[in-house]
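Observations on the three-dimensional arrangement
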Amino acid sequence: MQFAGHCASWPNGVQQVQSGSFLLDLHVDDVLVFAPGTDLHGHVLYTSGRVILQGKASCFPAMLLAPPPGSVVIDACAAPGNKTSHLASLMHNSGKIYAFDLDARRLKTMKELMHRAGVTCAVLKHQDFLMVDPEDGIYSNVEYILVDPSCSGSGCVSHVDRLVDKVILWDSLSSPDPTMDFP
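This text gives an overview of the structure that appears in the document. Computed from a predicted structure; not experimentally measured.

1. Quick notes on the packing of helix α4 (residues 82-90) against helix α5 (residues 104-117)
Angle between the axes and distance between the axes are the two parameters that describe a pair of packed helices. The geometry of α4 relative to α5 is characterised by a closest axis approach of 10 Å and an angle of 30° between their N-to-C directions. When the axis of α4 is compared with that of α5, the two are roughly parallel. Our pair here, α4 against α5, has a crossing hand that is right-handed. Each of N82, T84 and S85 in α4 lies in contact with α5, whose residues at this interface are M110, L113 and M114. For the contact of α4 with α5, the residue count by class is 3 nonpolar, 3 polar and no charged.

Shown next, in the form of structure tokens:
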């Protein structure tokens, strides 16, 4: 894979990405844009957790919340973990993310993703966020709450993904400079 530059326009610039190359996204920092049809599921950067495959729409909640490093955050509907890993990346894996979800199977997947991506600041909670006692001292330092109950990556705003076949969240926790050539 070869770095082809920054995306200069949307959607024309994205549609001109050549096979074997990628662009940095125009709208979302740390997102790499690949040519339609690019399959990275077997690539070492994906299997090692250094990149996370997700739709661009899934990147907006964490980007808009924009918690700085060291923040204390609640991700109210966290599994399977793409937004949580993006929050951790934005926070430079410092601070704390309390990640809630009701689905044990999805939380198991999330635990694997957090481990593979090297996320150490997330505390996974198998419980209903709505049942959390806001007076509980453990949450007294929470500064930010991300609530995406429809799961933007699979819900009502996923139509954005039709414009781009694949986007990748560049994991700045453990990855080299994204402008470097990939093997």
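2. Observations concerning the sheet that holds strand β8 (residues 144-146)
Spatially, 4 strands are ordered β7-β6-β5-β8 in an open sheet, and the strand pairing comes out parallel. One side of each edge strand has no neighbouring strand; the edge strands of this open sheet are β7 (122-126) and β8. Sheet twist, expressed as the mean angle between neighbouring strand axes with direction ignored, is 20°. Both strand β5 (residues 72-75) and strand β6 (residues 96-101) contribute to a ladder of 4 bridges, which runs parallel. Along β6, the bridge assignment pairs V72 with K96. Seen against the sheet, α5 touches β6 and β7 and runs at an angle of roughly 170° to β7.

Rules of the game
- Residues numbered from 1 in each chain as written.
- Predicted model: local features only at pLDDT ≥ 70, side-chain atom pairs only at ≥ 80, totals over all residues.
- Heavy atoms only, no water.
- Axes fitted to C-alpha atoms, helices over the stretch in contact; angles between N-to-C directions.
- Helix = DSSP H or I, 4+ residues; strand = E, 2+ residues; numbered from the N terminus.
- Parallel < 35°, antiparallel > 145°, perpendicular 65-115°, else oblique.
- Left-handed = near helix turned anticlockwise from the far one by under 90°.
- Contact = heavy atoms within 4.5 Å.
- Nonpolar A, V, L, I, M, F, W, Y, C, P; charged D, E, K, R; others polar.
- Pairing = 2+ DSSP bridges.

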